[in-house]
Amino acid sequence: MATSASPQPPTPERFFNAINAYEQTEAMKAAIELEIFTAIAEGNTCAATIAKRCQGAERGVEILCDYLTIHGFLTKEGAEYGLAPDSAFFLNKGSRAYLGGAIEFLLNPRIREGHARLTEAVRQGGSALGEGALEPDNPDWVRFARAMMPLMFMPAQVMAGELAKGGAVNKVLDIAASHGLYGISVAKQNAAAHIYASDWKNVLEVARENAQAMGVADRYHLLPGSAFDVDFGGDYDLALVTNFLHHFDLPTCTAFMRKVYASLRPGGRAAIVEFVPNADRVTPPTAAAFSLVMLASTPAGNAYTFQEIESLSREAGFVRAELAPPPIGLGRLIIAYR
Ligand SMILES: Nc1ncnc2c1ncn2[C@@H]1O[C@H](CSCC[C@H]([NH3+])C(=O)O)[C@@H](O)[C@H]1O
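Residues numbered from 1 in each chain as written. Predicted model: local features only at pLDDT ≥ 70, side-chain atom pairs only at ≥ 80, totals over all residues. Heavy atoms only, no water.

Comments concerning the packing of helix H10 (residues 140-147) against helix H13 (residues 201-213)
- Following both chains from N to C, one finds H10 and H13 inclined at 20°, their axes separated by 8 Å at the closest point. With respect to their mutual orientation, H10 and H13 come out roughly parallel. Handedness of the crossing formed by H10 with H13: right-handed. Contacts between H10 and H13 involve Trp141, Val142, Ala145 and Arg146 on the former and, on the latter, Asn202, Val203, Val206 and Glu209. (Axes fitted to C-alpha atoms, helices over the stretch in contact; angles between N-to-C directions. Helix = DSSP H or I, 4+ residues; strand = E, 2+ residues; numbered from the N terminus. Parallel < 35°, antiparallel > 145°, perpendicular 65-115°, else oblique. Left-handed = near helix turned anticlockwise from the far one by under 90°. Contact = heavy atoms within 4.5 Å.)

Structural data, given as structure tokens:
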């Protein structure tokens, strides 16, 4: 039987929602800064008690909490607010998975400026900020390393678990190590493994602190400077290339993966973690929409499909590449074999 969806009358609602989307940004930022979610987790459930705990005005807190309820972050029964499950897990400061600090990176002025100048970026096909995120020793990456770290614990562990299925590793290169968690998770899985971390010098300070705090400092080595220029050395069993390739165009990624290939021992593996859209480039939404972030903040970066990553890996010399089944946070793991 033919099914024809009854035509919906045109509505300006989607347009208004898009134009006003910054209101959600600001409401979330305010709620995190005021610790609204934490206050509710602690048992303050009506506007008056939340306001007292958060040092806000009752009127302001009530309007903000209603708005957060409209958008699914809170629940409301009568005058009592509660936390939606995601909010309880990620937005309560008392939770081990607290992510609120990520706004220090995600909403930093430079990133916002890149998006505020999107019309220019679209006209010229790259960030209106010139080199943008790719400026050497860019302090925003230190902010990323500190602010985004809580978001990376789980994905790093899932990745390390998946890679462990391919056997033990002794010498590991962690490219764009940042907070260091990906390499450190592999070090935790492999008691003999030495990790060589590449990133800008200022950023590696954060990785070094974390390696120390997590008990692997004696097996942790730093390779400061641009990953394109620095001598990685060789004979690695495993190279981690996590959330790095999307900053560059495909020819640059291919040339870079040639360098990674050369650093591996025969039989070694490269573990590429990326936002991976489907071939249609519009699904799944979060991975596919990441392309816009790269348009706003880099000269030529993009989110690459599995086919693109597989093909550039082969061009770089790898014999094959496979997409590992489990999601790695919001991204995917592609293992390329030398
Ligand atoms: N040319 C470069 N050489 C080395 N590191 C770089 C370069 N350009 C950007 N980066 C680093 O690349 C990282 C991108 S963010 C990804 C960090 C981490 N691998 C993760 O998945 O969470 C930042 O730490 C930047 O400092």
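Now, onward.
Details of the UniProt feature "active site" (unreviewed entry) in the protein
- The positions UniProt marks with the feature "active site" (unreviewed entry) are His246.
- The residue His246 is located in the loop between strand E6 (236-242) and helix H14 (250-263) in this model.
- Residue classification places His246 among the buried residues on the basis of a relative accessible area of 3%.
- Here His246 is in contact with Glu274, Phe275, Phe290, Met294, Gly301, Asn302 and Tyr304, once residues within four sequence places are set aside. (UniProt positions renumbered as here; feature names shortened; annotations may be inferred. Buried < 20%, exposed > 50% of the residue type's maximum accessible area, 1.4 Å probe, protein only.)

Some words on the sheet that holds strand E8 (residues 320-323)
- Across the sheet, seven strands lie side by side as E5-E4-E3-E6-E7-E9-E8; this open sheet has mixed pairing. Pairing within the sheet leaves two strands with one partner each, and these edge strands are strand E5 (220-224) and E8. Taken over all neighbouring pairs, the strand axes of this sheet differ in orientation by 20° on average, direction set aside.
- Alignment of E6 against strand E7 (residues 264-274), held across six bridges, turns out to be parallel. When the bridges of E7 are listed, Val241 appears paired with Ile272. (Pairing = 2+ DSSP bridges.)

Comments concerning helix H15 (residues 285-297)
- For H15, spanning 13 residues, the distance from its first C-alpha to its last is 19 Å, which sits close to the expected 18 Å at 1.5 Å a residue.
- Within the sequence span of H15, burial applies to Ala287, Ala288, Phe290, Ser291, Met294, Ala296 and Ser297.
- Against the buried residues of H15 lie helix H8 (109-116) and helix H9 (118-124). (Expected span 1.5 Å × (residues − 1).)

A short note on the site of the ligand
- Neighbouring residues of the ligand: 18 residues in total, closest Ala176, Asp199, Ala227, Thr242 and Asn243.
- One of the side-chain nitrogen or oxygen atoms of Ser226 is found 3.1 Å away from a nitrogen atom of the ligand.
- In isolation the ligand offers 570 Å² of accessible surface; the protein chains occlude 98% of this area. (Near = heavy atom within 4 Å. Polar contact = N/O pair within 3.5 Å; in protein donor to acceptor, adjacent residues only side chain to side chain. Areas by Shrake-Rupley, 256 points an atom, 1.4 Å probe, with all protein chains shown as cover.)

Examining the environment of Glu58
- Along the polypeptide, Glu58 turns up in helix H5 (residues 58-70).
- The class for Glu58 is partly exposed, based on a relative accessible area of 45%.
- Linking Glu58 and Ala48, residues 10 residues apart in sequence, is a C-alpha distance of 5.3 Å.
- When neighbours within four sequence positions are excluded, Glu58 is seen to be in contact with Ala47, Ala48 and Ala51.

Notes on the state of the cysteines
- In this structure the tally under the stated criterion is zero disulfides.
- Looking at the unpaired Cys65, the closest cysteine sulfur is the one in Cys54, lying at 7.7 Å. (Disulfide = S-S within 2.5 Å.)

Quick word on the confidence of the model for the protein
- Counting all residues, the mean pLDDT for the protein is 96, and 99% of those residues have values of 70 or more.
- For this predicted complex, the interface confidence reaches an ipTM of 0.99, while the overall pTM sits at 0.94. (pLDDT = per-residue confidence, 0-100.)

Overview of the nonpolar core
- Judged by nonpolar contacts, the single largest core of 42 residues is most densely connected at Met159, Tyr220, Leu240 and Leu333.
- Counting only elements with at least two residues in this core, the list comes to H10, helix H11 (149-164), helix H12 (181-189), strand E4 (194-199), H13, E6, E7 and strand E9 (332-337).
- In terms of residue count, H11 provides more of this core than any other element does, six residues in total.
- Look past the residues within four positions of Leu240 in its chain and what remains in contact with it is Met159, Leu163, Val172, Leu173, Asp174, Ile175, Tyr182, Gly183, Val186 and Ala271.
- Counting residues in hydrophobic clusters, the runner-up holds 31 residues, among them Ala227, Tyr236, Ala270 and Leu312. (Core = buried A, V, L, I, M, F, W, Y, C linked by side-chain atoms within 4.5 Å.)

Regarding the UniProt feature "domain: O-methyltransferase C-terminal" (unreviewed entry) in the protein
- This chain's UniProt record puts "domain: O-methyltransferase C-terminal" (unreviewed entry) on residues 170-318.
- Spanning residues 170-318, this segment combines 40% helix with 23% strand, and its end C-alpha atoms are found 20 Å apart.

As for the side chain of Asn92
- Take Asn92: it is sitting in the loop between helix H6 (85-90) and helix H7 (103-106).
- The class of Asn92 is buried, set by a relative accessible area of 14%.
- A polar contact of 2.7 Å, which involves the side chain of Asn92, links it to the backbone nitrogen of Gly94.
- Contacts of Asn92, omitting those with residues within four sequence positions, involve Phe37, Thr38, Ala41, Ser87 and Tyr98.

Comments concerning the pairing of E6
- Burial analysis of E6 places seven of its seven residues in the buried class, the great majority of the element.
- Between the parallel elements E6 and E7, the chain passes through H14 in a crossover that is right-handed. (Right-handed = clockwise from strand over helix to strand, strands pointing away.)

So, helix H16 (residues 306-315)
- When we look at burial in H16, the residues that qualify are Phe306, Ile309, Leu312 and Ser313. Down the axis, H16 shows its buried residues gathered within 135° of arc, on one side only.
- Buried residues belonging to H16 abut H14, E7, E8 and E9. (Arc of directions from axis to C-beta.)

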